[in-house]
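Chain residues, written in single-letter form:
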Amino acid sequence: MAEIIEFRSNGNNAGGYLAMPQSGTGPGVIVVQEWWGLDSGIKEMTDRLATAGFVALAPDLYHGELAGHTEMDKAAELMNSLPSERAGRDMSGAVDYLANHEATTGDGIGVMGFCMGGLLTFVLAALRPDKVKAAVPFYGFPQGDDQPDYSKIEAAIQGHMAENDDFFPPAAAMHLHNELQALGKNASITVHKGSGHAFMAPHNALGTQDPDLAAEVWPTVTAFLHDHLG
């Protein structure tokens with residue numbers, strides 16, 4: 001029960017992959033892509049959320065562009081050339097689309113992202129505190145000078161980071177955990193021992209997929225989302 005859809009994005013059009021639960025209704029969750037684009041892995045994670053009872057939408061932030069799982073240079077180029085304002089606009093439009101969808105229940109929207117999408121999960125939570133009430137970033141978070149205003153976040157956060165990660169170091173993840181706690185946010189970031197970046201990825205492009213860890217984490221994630229979204 002999935003389809004490619006279009007939605008309005010601040011006067012423009014954007015697209016995405018929408019998966020519906022068998023019941024036909026459920027809380028809404030945005031799924032934010034890795035640097036590859038709207039690939040098979042992100043679609044599978046979106047389908048898994050639908051199976052767990054959510055109306056799940058993965059916006060196509062690259063507008064049709066896609067890198068193969070052996071094309072890391074192309075993936076990096078697509079990520080680095082993604083206009084941040086357009087990404088924010090498209091994610092916000094996706095939030096509005098889900099919030100207004102007849103199948104979406106509950107008062108808030110969730111967001112889940114992986115790698116680049118984990119970083120953007122924090123961005124969207126700060127951008128749309130009016131709607132985003134639960135956030136689950138996987139092995140990705142903002143670094144450097146370009147930080148969102150964490151004080152604006154109203155969502156509960158359950159973060160899952162990797163111990164062996166050169167892209168998003170665990171020490172920096174825990175620093176962010178402490179920063180969010182100091183701001184009084186309902187936030188918990190866990191660094192999973194022995195894990196590598198992209199440990200949830202169905203495609204296993206980096207050879208770091210950990211099926212046992214993924215099976216352990218997934219029920220806690222879906223329970224967290226249901227607790228905060230309905």
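This text gives an overview of the structure that appears in the document. (Residues numbered from 1 in each chain as written. Predicted model: local features only at pLDDT ≥ 70, side-chain atom pairs only at ≥ 80, totals over all residues. Heavy atoms only, no water.)

**Observations regarding the overall build of the protein**
If you tally the helices and strands in the protein, you get 6 helices and 8 strands. Taken from the N to the C terminus, the helices and strands of the protein come in the order β-β-β-α-β-α-α-β-α-β-β-α-β-α. For 230 residues, the compact-globule estimate of 2.2 N^0.38 gives 17 Å, and the C-alpha radius of gyration of the protein, at 16 Å, lies within 12% of that figure. Seen along its three principal axes, the alpha-carbon backbone of the protein occupies a region of about 40 × 40 × 35 Å. Across the 230 residues in the protein, those meeting the buried criterion constitute 53%. In the protein, once contacts between residues fewer than 6 apart in sequence are set aside, the share between residues at least 24 apart is 70%. Taken as two groups, the 12 positive and 29 negative side-chain charges of the protein have centres that lie 7 Å from each other. (Helix = DSSP H or I, 4+ residues; strand = E, 2+ residues; numbered from the N terminus. Rg over C-alpha atoms; globule rule 2.2 N^0.38 Å. Buried < 20%, exposed > 50% of the residue type's maximum accessible area, 1.4 Å probe, protein only. Contact = heavy atoms within 4.5 Å. Lys, Arg positive; Asp, Glu negative; His and termini not counted. Charge placed at Lys NZ, Arg CZ, Asp CG, Glu CD.)

**Some details on the packing of helix α3 (residues 84-100) against helix α4 (residues 116-127)**
Closest axis-to-axis distance for the α3/α4 pair is 10 Å, and the angle between their directions is 65°. With respect to α4, the axis of α3 lies roughly perpendicular. Between α3 and α4 the crossing geometry is right-handed. The segment α3 lies against α4, with Gly-88, Met-91, Ser-92 and Val-95 engaging Leu-120, Val-123, Leu-124 and Leu-127. Residues of the contact of α3 with α4, tallied by class, amount to 6 nonpolar, 2 polar and no charged. (Axes fitted to C-alpha atoms, helices over the stretch in contact; angles between N-to-C directions. Parallel < 35°, antiparallel > 145°, perpendicular 65-115°, else oblique. Left-handed = near helix turned anticlockwise from the far one by under 90°. Nonpolar A, V, L, I, M, F, W, Y, C, P; charged D, E, K, R; others polar.)

**With respect to the sheet that holds strand β7 (residues 156-164)**
Pairing is mixed in the open sheet, where 8 strands are placed in the order β1-β2-β4-β3-β5-β6-β7-β8. Edge positions in the sheet fall to β1 (2-9) and β8 (187-196), since each has one partner strand and no second. Strand-to-strand twist across the sheet, computed as the mean angle between neighbouring axes with direction ignored, equals 25°. The sheet strands contacting helix α1 (residues 40-51) are β1, β2 (12-19), β3 (26-32), β4 (55-59) and β5 (104-114), and the helix crosses β2 at an angle near 60°. The strands touched by helix α5 (residues 170-182) within the sheet are β7 and β8, with β8 carrying the most contacts at an inclination of about 165°. (Pairing = 2+ DSSP bridges.)

**Remarks on the packing of aromatic side chains**
Summed over the entire model, instances satisfying the criterion amount to 10 aromatic pairs. For the pair Phe-114 and Tyr-139, a centre-to-centre distance of 6.2 Å together with 50° between the ring planes defines the contact as tilted. On the criterion of sequence distance, the pair formed by Phe-114 in strand β5 and Tyr-139 in the loop between β6 (132-138) and β7 is long-range, its members being 25 residues apart. Tyr-139 carries the same exposure label as Phe-114, and that label is buried. Site record: aromatic cluster; members linked through ring pairs are Phe-114, Phe-138, Tyr-139 and Phe-199. (Phe/Tyr/Trp six-rings, centres within 6.5 Å; stacked < 30°, edge-to-face > 60°.)

**Considerations on the side chain of Ser-92**
In this structure, Ser-92 sits in helix α3. Residue classification places Ser-92 among the buried residues on the basis of a relative accessible area of 15%. In contact with Ser-92, other than residues within four places in its own chain, are Leu-124, Leu-127 and Arg-128.

**Concerning the pattern of salt bridges**
Where charged atoms from two side chains of opposite charge approach closely, those side chains can pair. A full pass over the atoms with the stated rule returns 3 salt bridges. A salt bridge links Asp-96 to Arg-128, with the shortest nitrogen-to-oxygen separation between them at 2.9 Å. Taken together, the residues span a long stretch of sequence, with Asp-96 in helix α3 and Arg-128 in the loop between α4 and β6 at a distance of 32 residues. (Salt bridge = Lys/Arg side-chain N within 4 Å of Asp/Glu carboxyl O.)

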